[in-house]
Every structure is written in structure tokens, then in C-alpha cells.
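Residue-level structure breakdown
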Amino acid sequence: QYLVGRAGAETALSNKSVHDYFKKYTETELANEAHPIQSYLERPLDRIQKYKSLLKELIRNKACNGQNCSLLEEAYAIVSSLQRRSENTHHVSLIENYPATL
């Protein structure tokens, strides 16, 4: 669900008043943190890549030990398809919300 709303979040951050608010917030409240607000939008995508790497390593280790890793392979396939599915859902929502008649 997050990935679908990412474009909207980026659009909201490009709004001048929202941008000014977060800039002021960053300067005052988050002075000790080195991450800009946009970096938080990337965290779920980074986490998905980390899950893929972990699952791949688990599959490799179980396969080397001769163990059944079909559930891990299924989990890897699901995690691998998340970004593509999110992009497809985003494109569908753009088509559905198109202001003119198709």
C-alpha cells in the first residue's frame, strides 16, 4: 500500500508550503539527524531489497545443505514481485483518475 502512495507523497513534498514546513521542521526538530525527509520515502524500497538478499542467502544455504527450500523460494518470488505489482497498481490508479474520458 505504501508504494502506491509514494508518488502522492513525493508530490506533496514538492508543494511549496509543505516543503517549507518540512524544511523548518528539519532545521529545528531534526537538527541532529542527517537524513532529509525524502530519504524516509526510500526506506520501504530499501527494506524490500534487504529482504530479497536475505531470502536469497537463506535459499543458497539450505540448498547447499540439501534441505527443502520451496517455501523460501515462494517467499522470494513474492518479495521480488512487490515493486512491479506496486508500479502496475500505480499505473492503474493514474488511468482510473484520468480527468478526461477514455
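Structural data are supplied above this passage.
Everything numeric here is computed off the predicted structure, so don't read it as measured data. (Residues numbered from 1 in each chain as written. Predicted model: local features only at pLDDT ≥ 70, side-chain atom pairs only at ≥ 80, totals over all residues. Heavy atoms only, no water.)

Focus: helix H4 (residues 70-96)
Along its 27 residues, H4 runs 37 Å from first to last C-alpha, staying within 8% of the 39 Å computed at 1.5 Å per residue. Where H4 bends most, the angle comes to about 40 degrees, and this point is Leu82. Every buried residue belonging to H4 is among Leu72, Val79, Ser81 and Ser86, and all of these are buried. (Helix = DSSP H or I, 4+ residues; strand = E, 2+ residues; numbered from the N terminus. Expected span 1.5 Å × (residues − 1). Bend = angle between axes of the 7 residues up to and from the residue. Buried < 20%, exposed > 50% of the residue type's maximum accessible area, 1.4 Å probe, protein only.)

Focus: the nonpolar core
Ile48, Leu55, Ile59, Cys69, Leu72 and Val79 together form the largest nonpolar core, which totals six residues. Broken down by secondary-structure element, the contributors of at least two residues to this core are helix H3 (37-64) and H4. Ranked by residues supplied to this core, first place goes to H3 with three residues. (Core = buried A, V, L, I, M, F, W, Y, C linked by side-chain atoms within 4.5 Å.)

Thoughts on the pattern of salt bridges
This model, assessed by the stated rule, comprises two salt bridges. With a closest N to O distance of 3.2 Å, Asp20 and Lys16 form a salt bridge. Here Asp20 and its partner Lys16 are both found in helix H2 (residues 16-28), four residues apart, which amounts to about one turn of the helix. Overall, Lys16 belongs to the exposed group, its relative accessible area being 60%. When the shortest N-O distance is used, the salt bridge between Arg60 and Glu57 registers 2.7 Å. Taken together, the residues span about one helical turn, with Arg60 and Glu57 both in helix H3 at a distance of three residues. Looking at Arg60, the relative accessible area reads 42%, which means it is partly exposed. Since its relative accessible area comes to 35%, Glu57 is described here as partly exposed. (Salt bridge = Lys/Arg side-chain N within 4 Å of Asp/Glu carboxyl O.)

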